[in-house]
Amino acid sequence: MTPLWVGLLTTVVVFAYFLIATAVLIWAERRVVGKMQSRLGPNRVGPFGALQTLVDGVKMFFKEDFTPAMVNNPIFTIAPLVGVIAGFLSIAVIPIGGEVTLGDETFTLVVADLSVGALWVLGMGSLHVYSVFLAGWSSRSPYPLLGGIRSSAQMVSYEIAQGLAIASVFVYTGSLRVSDIIAGQSGAGFVDGMPGWYAIPLFPAFLVFAVGMVAEAARPPFDLAEAEGELVGGYHTEYSGLRFGMFMLAEFMQVVTMSAIVVTLFLGGPSGPTFGLPGWIATWVMPLLWFTIKTVAFVFFFILLRGALPRYRYDRLMDLGWKVLIPVALVWVLVTAGFVLMNEIGGLDTNVRIGLAAAAGLLVIGVLISGGARARDDQRPDAPAARPEPDAQAVSDREEVAQ
Amino acid sequence: MTEFLTSIPAPVVTIITVLVLVALAWLFLTRTVLGRGFSVPLRTMLRPVETAEYPEKPRPVAPRFHGRHQLNRYADGLEKCIGCELCAWACPADAIYVQGADNTAEARFSPGERYAEDYQINYNRCILCGLCIEACPTRALTMTHEYEFSADSRSALVYTKDQLLAVVPPGGYDTPHTDREVRERGLNYYGGLAVTPPTVKGGKYAPAAAAPSARAGQVIPTGKLPAPGDQPIDPATVGGPTRPRDGDSR
């Protein structure tokens, strides 16, 4: 039984880590997207505008928190709280660092290493849907309602794909405990020296999870909940002041949380080379550093998606979720289960098993990329049956130019 | 196969893994449809930003930018404006007010017969089109690169002569001068002819034949197109290079 102060310390440290990470993300996203669009981003407050988030927070805190007359008030107030609380709770099972020794106590930087840890993450993600849906519904206004319906449908659909992707991890590890999942990835992979991350043998599941987490966090290109061009602000149209700030915090928090989850489940969490560094640097600092580096890489991926991709159309979003991601994830659960079973009855050598898994993963991604590129023109239902023949004059003109 | 792979030392495997990952990322970014799209914002990140950090680092304006007006002076400090009001007549926004007055022997403001006693440009109306600059016969009125002259009251936007007049050039003197001082300097105010300002006889100016007019520096239309090598003649040049012009009857 760990003493109370250890629990309090880890809670405070983990909470502060994610809260600071969220604050930094809000600033960094605006700077990085700005750079991707040949502009500067916020640069007025503090060095490189780094205090912009703080100032925005103060502004939101002191703005009028207006409640429209028609809203269903208790639910209208509870909805943003549900979002923030679900966001904070889902970080509870994620270890952000390695073993820390203070006094006589040795503990991991995790709030609670539950035996159902990975399910907890999924459960909190589902709870977040309530925040979005209740906000849209209790606003009693058309745009928030449409936004709420859209995003709850989107989140529920992608949760299935995400859950199946996590199921591959469960099957492969044989445990739902997050510490077991990380321990399973900390050793060597295919060959000694290669990381044992689940992203390599479970590549399709990793891919499905990576797409699903973008939809779960309602980030571009899947930010249909707040498609400002068509739905004003989506589910939080009627919110202002601090309650809007809570939605914003929950939304950005989910980017960090989802990155942390994908790092934990597929990229080995805090594990990484320590370069033979001595003592507390190897056990305290390096795991935290590796975890942060991996998480930042995924956060950058989120930002890159926002900078690179236009928003999806709603029906295509649903098509992608139901017709591509769920089948791929489902097949991969079966394949993983088959390999695990084969291993248990003493079938295949471990290296061959992982090699086959990796090859199959590459095959699937290859099919996805090439198929996705070709499908664009051919399978569009409203595409013209036959292309009109270019007229003879234009062809001869082109030939003259070519000569 | 497995034995061979396990015989490679772990650091080498790590390096090979990293290289393979980098190669895969490079292939993705350069060879696939999706990856080429992703590489656009990544490449943009490496380019310099387009943002003009205006109040801190204003960008230079175009060489012929139409900024705030300025009333120029000759090298000795005499004003170029002769109070002819052509700028006011040219102004499409009716933003210029000129009150001309006669120069006297004891108080000479410009080399010509007249000078601008009062000169106002109303920047509430001015559209900075530059037609006044084209109309000015002596290049007295030009435009500067200054564009930060907004104000919070209308009266503050009516610029008067003291605000528009250029600073006295080094070695010059503020107006008014006396005729004696001006003649002693022996300057050539109107390029091409070494002339001094007209003298005053009995309270009246000498006729134009005796004293070259203030328009002497203007390019007189000849009906011919300029030859490619011709230098434009700028009457604002004090004693600058000059050349005889075709059709100049003087």
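Residues numbered from 1 in each chain as written. Chains lettered and ligands numbered in written order. Predicted model: local features only at pLDDT ≥ 70, side-chain atom pairs only at ≥ 80, totals over all residues.

Quick notes on the overall build of chain A
Counting its secondary structure elements, chain A contains 13 helices and 2 strands. Out of the 403 residues belonging to chain A, those deemed buried represent 42%. The contacts of chain A with a sequence gap of at least 6 include a subset with a gap of at least 24, amounting to 77%. (Helix = DSSP H or I, 4+ residues; strand = E, 2+ residues; numbered from the N terminus. Buried ≥ 20, exposed ≤ 12 C-beta atoms within 10 Å, placed from the backbone. Contact = placed C-beta atoms within 7 Å.)

Here we look at the overall build of chain B
Broken down by element type, chain B carries 7 helices and 7 strands. In chain B, the succession of helices and strands from N to C terminus is α-α-α-β-α-β-β-α-β-β-α-α-β-β. Burial status across chain B gives 19% buried among its 250 residues. Expressed as a percentage of contacts within chain B between residues at least 6 apart in sequence, the contacts between residues at least 24 apart total 70%.

A look at the environment of Asp319 of chain A
Along the chain, the position of Asp319 of chain A falls in helix α11 (residues 314–344). For the pair Asp319 of chain A and Ala92 of chain A, spaced 227 residues apart in sequence, the C-alpha separation works out to 33 Å.

Describing the packing of helix α2 (residues 10–31) of chain B against helix α3 (residues 33–46) of chain B
When two helices pack together, their arrangement is given by the angle between the helix axes and the distance between those axes. Residue and element names in this part refer to chain B. One way to put it is that α2 packs onto α3 with a least axis distance of 5 Å and a crossing angle of 90 degrees. Taken together, the axes of α2 and α3 are roughly perpendicular relative to one another. Here Phe28, Leu29, Thr30 and Arg31 of α2 lie close against α3, whose contacting residues are Gly35, Arg36, Phe38 and Ser39. Looking at side-chain class alone, the contact of α2 with α3 contains 3 nonpolar, 3 polar and 2 charged residues. (Axes fitted to C-alpha atoms, helices over the stretch in contact; angles between N-to-C directions. Parallel < 35°, antiparallel > 145°, perpendicular 65-115°, else oblique. Nonpolar A, V, L, I, M, F, W, Y, C, P; charged D, E, K, R; others polar.)

Some remarks on the nonpolar core
Core analysis: the biggest nonpolar cluster contains 99 residues, and Leu202, Val208, Val262, Phe266 and Ala329 of chain A have the highest contact counts within it. Broken down by element, this core gets its largest block of residues, 16 residues, from helix α9 (residues 241–266) of chain A. (Core = buried A, V, L, I, M, F, W, Y, C linked by C-beta atoms within 7 Å.)

Overview of the sheet that holds strand β3 (residues 114–122) of chain B
Residues and elements named next belong to chain B. Sheet architecture is open: 3 strands sit in the order β2-β3-β5, paired in antiparallel fashion. Of all the strands in the sheet, the pair left with one neighbour each is β2 (96–102) and β5 (158–159). Sheet topology note: the β2/β3 ladder contains 7 bridges and is antiparallel. Looking at the pairing, Asp102 lines up with Arg114 of β3. (Pairing = 2+ DSSP bridges.)

Observations concerning the packing of helix α7 (residues 203–216) of chain A against α11 of chain A
Residues and elements named next belong to chain A. Taken N-terminus to C-terminus, the directions of α7 and α11 make an angle of 140 degrees; their axes are 9 Å apart at the nearest point. Like other packed secondary-structure pairs, α7 and α11 cross with a definite hand, here left-handed. Of the residues in α11, those touching α7 at Pro204, Ala205, Val208, Val211, Gly212 and Ala215 are Gly321, Leu325, Val328, Ala329 and Trp332. Class assignment of the residues belonging to the contact of α7 with α11 gives a composition of 9 nonpolar, 2 polar and no charged. (Left-handed = near helix turned anticlockwise from the far one by under 90°.)

Points about α2 of chain B
Look at α2 of chain B: 31 Å from first C-alpha to last across 22 residues, which is about the 32 Å you get at 1.5 Å a residue. The element α2 of chain B is barely covered by neighbouring structure, given that only 1 of its 22 residues are classed as buried. (Expected span 1.5 Å × (residues − 1).)

Some details on the domain arrangement of chain B
Partitioning chain B into domains gives domain 1 (9–43) and domain 2 (69–190). A C-alpha centroid distance of 67 Å is found between domain 1 of chain B and domain 2 of chain B. (Domains from an automatic or database assignment.)

Topic: helix α6 (residues 178–186) of chain A
All names here are of chain A. Those residues of α6 not exposed but buried are Val178, Ile181, Ile182 and Gln185. Axial view of α6: buried residues confined to an arc of 95 degrees, hence all on one face. The elements touched by buried residues of α6 are α4 (117–138), α5 (142–173) and α9. (Arc of directions from axis to C-beta.)

Let's talk about the interface of chain B and chain A
If you look at the interface, chain B gives 23 residues, while chain A gives 16 residues. When contributions to the side of chain B that touches chain A are tallied by element, the ones reaching two or more residues are α1 (2–7), α2 and α3 of chain B. Take the side of chain B that touches chain A: its biggest share by element is 8 residues, from α3 of chain B. Here the side of chain B that touches chain A is composed, by residue class, of 13 nonpolar, 8 polar and 2 charged.

Thoughts on unusual backbone geometry
In this structure, the amide linkage connecting Pro220 of chain A to the following residue, Pro221 of chain A, adopts the cis form with an omega of 5 degrees. Assignment of secondary structure puts Pro221 of chain A in the loop between α7 and α8 (228–231). Here the bond from Thr175 of chain B into Pro176 of chain B is cis, since omega is 5 degrees, no more than 30 degrees from zero. On the secondary structure map, Pro176 of chain B appears in the loop between α6 (161–164) and α7 (179–185). Backbone geometry places Ala218 of chain A, a non-glycine residue, at a positive phi of 55 degrees.

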